[in-house]
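Given next are the chains, with one letter for each unit.
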Amino acid sequence: MSLRAYQQAATSAETPRDTEYRLFAQVTLALAEAARLDPKDFAGRVPALDWNRRLWSVLATDCAEAGNGLPKELRAGIISLSIWVNKYTSEVIRGEDDIQDLIDVNRMIMQGLSASAEAAA
């Protein structure tokens, strides 16, 4: 079986929570790699920062939809985090703050996704 076929089979068996976890893991890894670069390496750091910002923007947009099944308080929290991520990312790009806080927030979300998945099983 080719690697591509295995990847397709693995992702087709994922739950939405698994997919979210995997995406957060990929984005967080990219942020961690960007954190190791010189803060002045704009071209090296911005792709990961932008990817993370886009992820959070999509989450906020989804949480704003009327048909979203998450509890209202959780949706509001995700939207608030998305706003913070957007503002904080701009500060990181300008060299005013460190990437680590973005990594920490993503890891906390991943822990929550993991714990929720375990509870559901």
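Residues numbered from 1 in each chain as written. Predicted model: local features only at pLDDT ≥ 70, side-chain atom pairs only at ≥ 80, totals over all residues. Heavy atoms only, no water.

### Here's the deal with helix α3 (residues 42-64)
In step 1: Taking 1.5 Å per residue as the helical rise, α3 with its 23 residues ought to reach 33 Å, and the 32 Å between its terminal C-alpha atoms agrees with that figure.
In step 2: Of all the residues in α3, the buried ones are Arg 45, Ala 48, Leu 49, Asn 52, Leu 55, Trp 56, Leu 59, Ala 60 and Cys 63. (Helix = DSSP H or I, 4+ residues; strand = E, 2+ residues; numbered from the N terminus. Expected span 1.5 Å × (residues − 1). Buried < 20%, exposed > 50% of the residue type's maximum accessible area, 1.4 Å probe, protein only.)

### Brief notes about the nonpolar core
In step 1: Phe 24, Leu 31, Trp 56, Ile 99 and Leu 102 are the most contacted members of the largest nonpolar core, which has 22 residues in total.
In step 2: Counting residues per element, the ones that place at least two in this core are α2 (16-35), α3, α4 (72-93) and α5 (100-120).
In step 3: Residues contacting Leu 102, with those up to four places away along its chain left out, are Leu 31, Leu 49, Asn 52, Trp 84, Val 85, Tyr 88, Thr 89 and Val 92. (Core = buried A, V, L, I, M, F, W, Y, C linked by side-chain atoms within 4.5 Å. Contact = heavy atoms within 4.5 Å.)

### A closer look at the environment of Arg 54
In step 1: Among the secondary structure elements, Arg 54 is positioned in helix α3.
In step 2: On the basis of relative accessible area, Arg 54 is assigned to the partly exposed category, the value being 47%.

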